[in-house]
Amino acid sequence: MAATVGRSFLVQPCTSPSFIGNSKRIHKSSFGFSAKPGAAPSRTVVRAQERPTWLPGLDPPPYLNGTLAGDYGFDPLGLGEDPESLKWYVQAELVHCRFAMAGVAGILVTDLLRVTGISNIPVWYEAGAMKFRFANTTTLFLVQMILMGFVETKRYMDFIKPGSQADDGIFFGLESAFEGLEPGYPGGPILNPLGLAKDIKNAHDWKLKEIKNGRLAMIAMLGFFVQASVTHAGPIDNLVEHLSNPWHKTIVQTLASSTS
């Protein structure tokens, strides 16, 4: 998961006027010391790197050329060297981002309802053991497997052959309600009720916002897992405890007490 750290700067000495960026103006400000009296002073030109990377000054791998949404050259294991694998990893990250965003929202909302006493619901990491009156656990599991299996199969088929799932009769006559824009970006009134990014080919800003929020949500989910394992409480409970004594109820004290 990449994060924008900022633009890095490269410093290079030169002895002749330099052009900076696309402005076609000579960079006249310079500093330096002459090695010999009367010699032309050396100039140090500071120029911005062409694209931001996750680590300032790091040259991104050649297969990550900045065309993908949220591409900051982060691939330390070289997983995207194969173009076909890279396409699949892009789709996999999208799905994980969306699940993480839904999970974070669900955990925070239900935890808030529980802490405020509005609803008597279990903490999120115990919700899976809860029994429902309208169906038993086996029935719910089978229904989830069938529905999720159907959706994931359709998504995979659209990845293998883009646009194939928009053909008439392929989705019980509901194709127009989804209007697949491109692999990984379904639309229509059901999945895009606000009509955002209808021109998905030119919606780079929307794609970038989604991938950034999704990566943040994945980190938040990891934090929730660690938090529940260490404190045995929900995130809202931990927040309330921290706010009650912010100088002594911090992550440092919590981790120190858990290891002692």
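Residues numbered from 1 in each chain as written. Predicted model: local features only at pLDDT ≥ 70, side-chain atom pairs only at ≥ 80, totals over all residues. Heavy atoms only, no water.

K.L.:
Give a detailed account of the UniProt feature "binding site: chlorophyll a" (unreviewed entry) in the protein, specifying residues and quantitative values.
P.N.:
Per the UniProt entry, the sites bearing "binding site: chlorophyll a" (unreviewed entry) are Glu93, His96, Lys209, Glu210, Asn213, Arg215, Gln227 and His242 in this numbering. Considering the arrangement of structural elements, one finds lysine 209 in helix H5 (residues 204–231). Lysine 209 sits in the partly exposed class, given a relative accessible area of 48%. Within the secondary structure layout, glutamine 227 lies in helix H5. Glutamine 227 sits in the partly exposed class, given a relative accessible area of 23%. Residues within four places of glutamine 227 in sequence aside, it is in contact with His232, Gly234, Pro235 and Asn238. (UniProt positions renumbered as here; feature names shortened; annotations may be inferred. Helix = DSSP H or I, 4+ residues; strand = E, 2+ residues; numbered from the N terminus. Buried < 20%, exposed > 50% of the residue type's maximum accessible area, 1.4 Å probe, protein only. Contact = heavy atoms within 4.5 Å.)

K.L.:
Tell me about the UniProt feature "binding site: chlorophyll b" (unreviewed entry) in the protein, and name the residues and values.
P.N.:
The residues that UniProt annotates with the feature "binding site: chlorophyll b" (unreviewed entry) are Arg98. In this fold, arginine 98 is placed in helix H1 (residues 83–115). Using a relative accessible area of 29% as the deciding quantity, one classes arginine 98 as partly exposed. Leave out the neighbours within four places in its chain, and arginine 98 touches Gly184, Tyr185, Pro186 and Glu210.

K.L.:
Go over the packing of aromatic side chains, please, and point to the residues and values.
P.N.:
A complete count under the given rule lists 5 aromatic pairs for this structure. Look at tryptophan 54 and phenylalanine 74: their rings are 4.9 Å apart centre to centre, the planes differ by 90°, and that puts the pair in the edge-to-face class. Of this pair, tryptophan 54 sits in the loop between strand S2 (43–48) and H1 while phenylalanine 74 is found in the loop between S2 and H1, placing the two residues 20 residues apart along the sequence. Residues tryptophan 88 and tyrosine 156 carry aromatic rings whose centres are separated by 5.9 Å and whose planes lie at 80° to one another, so their mutual orientation is edge-to-face. With tryptophan 88 in helix H1 and tyrosine 156 in helix H2 (residues 137–160), this residue pair connects regions lying 68 residues apart in the sequence. An aromatic cluster is built from Trp88, Tyr156 and Phe159, whose rings are joined through pairwise contacts. Note that arginine 98 overlies the ring of tyrosine 185, its terminal NZ or CZ placed 5.3 Å from the centroid. One Lys or Arg, lysine 207, reaches over the ring of tyrosine 185 and ends 5.0 Å from the middle of that ring. (Phe/Tyr/Trp six-rings, centres within 6.5 Å; stacked < 30°, edge-to-face > 60°. Lys NZ or Arg CZ within 6 Å of the ring centre and 35° of its normal.)

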